[in-house]
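Okay, here's what each chain looks like letter by letter:
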Amino acid sequence: MRILGIDPGLRNLGWGVIESNGSRLSHVANGVCQSDGDDLGERLLSLHNQVTEIIEAYQPDQAAIEQTFVNKDGAGTLKLGQARGVALLTLAKAGLPVGEYAPNRVKKTVVGVGHAEKEQVLHMVKLQLPGCAPKGPDAADALAIAICHAYYGGTNARQLKEVGT
């Protein structure tokens, strides 16, 4: 199964494609879409067009995207939500089933702790996908989201064991 992971963002939208064959994972491609345009509508259209090109180039079977978290900056959260909405629309338009994962769940799946730093995520992505060289932290996060989806696969069959800290 080929999985496209997306780490949504208005300026930088990370993406990563992996192959999942049972418990074996392999890296296919990764990168960062940078929005172009002078206004919000043009920037969102730019992200849509770039994600469409990625889908056409790598033909994923499924997709996964990070859920939006609310932070102190309401305007920033709204813009992130708009970029995420465009990504979800593009994935739906391509007919891809999409898994949605909370940031802490992705980190706990890939690193083992839900509040891992970006450097830890990058390190573990490289360990789990030998030969992979993520093109920035957003691409590494997108690959981690794809790995999380490969583990859960949209089923409730597997559960993470909560470990107290």
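## Considering the side chain of Asp141
For step 1, the next point in the chain: With respect to the element layout, Asp141 can be found in helix H5 (residues 137–152).
For step 2, the next point in the chain: Residue class for Asp141 comes out buried when judged on its relative accessible area of 12%.
For step 3, the next point in the chain: Discounting residues that sit within four places of it in the chain, Asp141 has contacts with Asp7, Lys118 and Val121.

## Considering the environment of Gly37
For step 1, the next point in the chain: Inspection of the secondary structure puts Gly37 in the loop between strand S3 (24–34) and helix H1 (40–58).
For step 2, the next point in the chain: Non-local contacts of Gly37, meaning those with residues more than four positions away in its chain, are made with Glu42 and Arg43.

## A few points about the pairing of strand S4 (residues 62–66)
For step 1, the next point in the chain: Most of S4 sits inside the fold, with five of its five residues counted as buried.
For step 2, the next point in the chain: Pairing geometry for strand S1 (residues 2–7) and S4, over four bridges, is parallel. Within S4, the position partnered with Leu4 by the bridge is Ala63.
For step 3, the next point in the chain: Note that S4 and strand S5 (residues 98–101) share four bridges and pair parallel. Looking across to S5, one finds that Ala64 is bridged to Gly99.

## Brief notes about the confidence of the model for the protein chain
Close inspection of predicted coordinates is inappropriate in any region flagged by low pLDDT.
For step 1, the next point in the chain: For the protein chain, per-residue confidence averages 89 on the pLDDT scale, and 92% of positions sit at 70 or higher.
For step 2, the next point in the chain: Ranking the helices and strands of the protein chain by mean pLDDT puts S1 first, with 98, and helix H2 (residues 74–93) last, with 90.
For step 3, the next point in the chain: Contacts of residues 155–165 to residues separated by more than four positions or lying in other chains number twelve contacts, the stretch itself having pLDDT below 50.

The rules we used
Residues numbered from 1 in each chain as written. Predicted model: local features only at pLDDT ≥ 70, side-chain atom pairs only at ≥ 80, totals over all residues. Heavy atoms only, no water. Helix = DSSP H or I, 4+ residues; strand = E, 2+ residues; numbered from the N terminus. Buried < 20%, exposed > 50% of the residue type's maximum accessible area, 1.4 Å probe, protein only. Contact = heavy atoms within 4.5 Å. Pairing = 2+ DSSP bridges. pLDDT = per-residue confidence, 0-100.

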